[in-house]
Amino acid sequence: MKEVTIAEIGNYVGQEVALNGWVYNIRSIGKIWFLIFRDGTGLLQCVVVKSEVDSDTFEMETKLTQESSVRVTGTVRAEPRAVGGFELGIKSIAIFQIAKDYPISPKEHGTAFLMDHRHLWIRSKKQHAILRIRHQVIKACRDFFDQNGFTLVDTPIFTANAVEGTTNLFAVDYFDRSAYLTQSGQLYGEAGAMAFGKIYCFGPTFRAEKSKTRRHLTEFWMVEPEIAFCDLDKDMDWAEKLVAYIVQWCLDHCGTELKTLERDISKLEKVKAPFPRITYAEAVEILTKNGVDFEFGNDFGGNDETIISEQFDCPVMVHRWPAEIKAFYMKRDAENDDLALGVDMLAPEGYGEIIGGGQREDDYDILVKRIEEAGLPLKPFQWYLDLRRYGSVPHAGFGLGIERTVAWISGIRHIRETIPFPRTIYRLEP
Ligand code: 4AD
Ligand code: MG
């Protein structure tokens, strides 16, 4: 018998097929009962009619429990009223295992309980939809860079130096010395750009974030392009092209999931390049106009980002930041040495910063000075300084946080639901 999945069931109308999966729900109306069946690719209504099956099969209604694993066989029929538009007229059901007391029932559970059962929670409709969107966001990133001449350069996770400041570094024992879990692949990405022109790295990054917010994880995934012969303006061109591509890809390929999540897709449909670009000073003006008591020179908090982003339908790129609050590697504005040529992209609807990046300092002497000013030791940066010794060029790049992007596209308030197994200050299990 042909084994198929729910995703492809439409190709088998009128045929007898087998599917492997789990019991999602059971409903009975006397001489007929319905098994709502899931196989990881979707949900399928299976109809068990007393006069069409043997008595053992019909009696399974009382045996089968939520999340029991089964193999069903039957005939595929078009049924517009059923979830997905098809149903299976059951011929037989074979049991792999009967699940006892599955802890997640259709009733409401608190988030702490669900997070403790994350390994099971990801089977639920909504979580399943979010994680499928995550898959498509990641695919869109890779496709975008692959189609635009970028080479994938994997960067290490064990590192000897800090990239994004020393306050949130995770130190680990590394034989007779210590190492840090990487905060960003950027510095290695810069080496890659000097070797390949345009590169991207993509992997998990780590920050010992002590703040407990809905936007911070201690382990998150970041895709980071780095481009030789690129300035801040071109960097922003790449950033907006990437994000517009991801959104369009998800609109084209995640319709079912976005519907499950009741996402207002009219908001996503407005996301088309070019995106607005404003300076940090202009962003501060927006805050002041909206009655925020904001001190020029500070970084924006979550609420500030929300107010700024609410002025626009598209993501907004904020550039030219006070150098003091940005990383040591950022090039300064030729017109004003107090400003760093950095850019943050803020997602609409209050989802906050999804991209951070900018143009890099490419002068050897200035970079040495910046490392010293940041209070960082020079020795672990010798290899990085080599990039300014041997054929230094203007270059730029950025990092897109996958989880924040998924949260925005899915319309999910809290970032912890956008990664299969989130890591936060208080959570290392499951
Ligand atoms: O702005 P960040 O810190 O930039 C960098 O790391 C640069 N070195 C990237 C580069 O230029 N190659 O981080 C980039 C993005 C943020 O905009 C945000 O989306 C995400 O990474 N991010 C986090 N996501 C979840 N949890 C956290 N704790 C995050 N910190 C940053
Ligand atoms: Mg940032």
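### Some words on the domain arrangement of the protein chain
When its domains are assigned, the protein chain resolves into domain 1 (2-97) and domain 2 (118-418). Computed from C-alpha atoms alone, the centre-to-centre distance between domain 1 and domain 2 is 45 Å. With both chains or domains summed, domain 1 and domain 2 bury close to 450 Å², and 43% of this area falls on carbon and sulfur atoms. Three residues stand out in domain 1 for area buried against domain 2, namely Tyr24, Arg38 and Gly40, and they jointly supply 59% of the buried area on that side. At the junction of domain 1 with domain 2, the criterion picks out 1 salt bridge. Linking Arg123 and Glu67 is a salt bridge whose minimum nitrogen-to-oxygen distance equals 2.9 Å. Residue classes in the side of domain 1 that touches domain 2 are distributed as 3 nonpolar, 2 polar and 2 charged.

### Some points on unusual backbone geometry
Cis peptide bonds are those with omega within 30 degrees of zero, and the linkage from Ala273 to Pro274 qualifies with 0°. On the secondary structure map, Pro274 appears in the loop between helix H8 (265-269) and strand E13 (277-279). Here the residue pair Glu429 and Pro430 is connected by a cis peptide bond, since its omega of -5° sits within 30 degrees of zero. Mapped onto the secondary structure, Pro430 falls in the segment after helix H13 (402-410). Although it is not a glycine, Glu349 adopts a positive phi angle of roughly 60°. Tracing the backbone shows Glu349 in the loop between strand E16 (336-347) and strand E17 (352-359).

### Description of helix H12 (residues 382-389)
Those residues of H12 that fall on the buried side of the exposure criterion are Tyr384, Leu385, Leu387 and Arg388. The arc that holds every buried residue of H12, seen down its axis, measures 140°, which confines them to one face. In this structure, the buried side of H12 is in contact with helix H5 (186-196), helix H11 (364-373) and strand E18 (395-401).

### Notes on the packing of aromatic side chains
Per the counting criterion, the structure on display carries 20 aromatic pairs. Ring plane angle 50° and centroid distance 5.7 Å describe the contact between Phe144 and Tyr245, whose orientation is recorded as tilted. With a gap of 101 residues between them, Phe144 in helix H4 (residues 125-147) and Tyr245 in helix H6 (residues 232-253) connect regions that are remote in the sequence. The exposure class assigned to Phe144 is buried, which follows from its relative accessible area of 4%. Within the aromatic cluster, the residues linked to one another by ring pairs are Phe144, Phe145, Phe150, Tyr200, Trp238, Tyr245 and Trp249. Looking at Arg27, its charged tip hangs above the ring of Phe34, at a distance of 5.0 Å from the centre. Directly above the aromatic system of Trp238 lies the positively charged group of Lys241, at a separation of 4.4 Å from the ring centroid.

### Observations concerning the sheet that holds strand E8 (residues 158-159)
Read across the sheet, 3 strands follow the order E8-E10-E9 without closing on themselves; strand pairing throughout is antiparallel. Looking at strand neighbours, the two that pair on one side only are E8 and strand E9 (171-174), the edges of this open sheet. Examined bridge by bridge, E8 and strand E10 (residues 177-181) share 2 bridges and lie antiparallel to one another. Across the sheet, Thr159 pairs through a bridge with Tyr180, a residue of E10.

The rules we used
- Residues numbered from 1 in each chain as written.
- Chains lettered and ligands numbered in written order.
- Predicted model: local features only at pLDDT ≥ 70, side-chain atom pairs only at ≥ 80, totals over all residues.
- Heavy atoms only, no water.
- Domains from an automatic or database assignment.
- Buried area = accessible area lost by both parts, 1.4 Å probe.
- Salt bridge = Lys/Arg side-chain N within 4 Å of Asp/Glu carboxyl O.
- Nonpolar A, V, L, I, M, F, W, Y, C, P; charged D, E, K, R; others polar.
- Helix = DSSP H or I, 4+ residues; strand = E, 2+ residues; numbered from the N terminus.
- Buried < 20%, exposed > 50% of the residue type's maximum accessible area, 1.4 Å probe, protein only.
- Arc of directions from axis to C-beta.
- Contact = heavy atoms within 4.5 Å.
- Phe/Tyr/Trp six-rings, centres within 6.5 Å; stacked < 30°, edge-to-face > 60°.
- Lys NZ or Arg CZ within 6 Å of the ring centre and 35° of its normal.
- Pairing = 2+ DSSP bridges.

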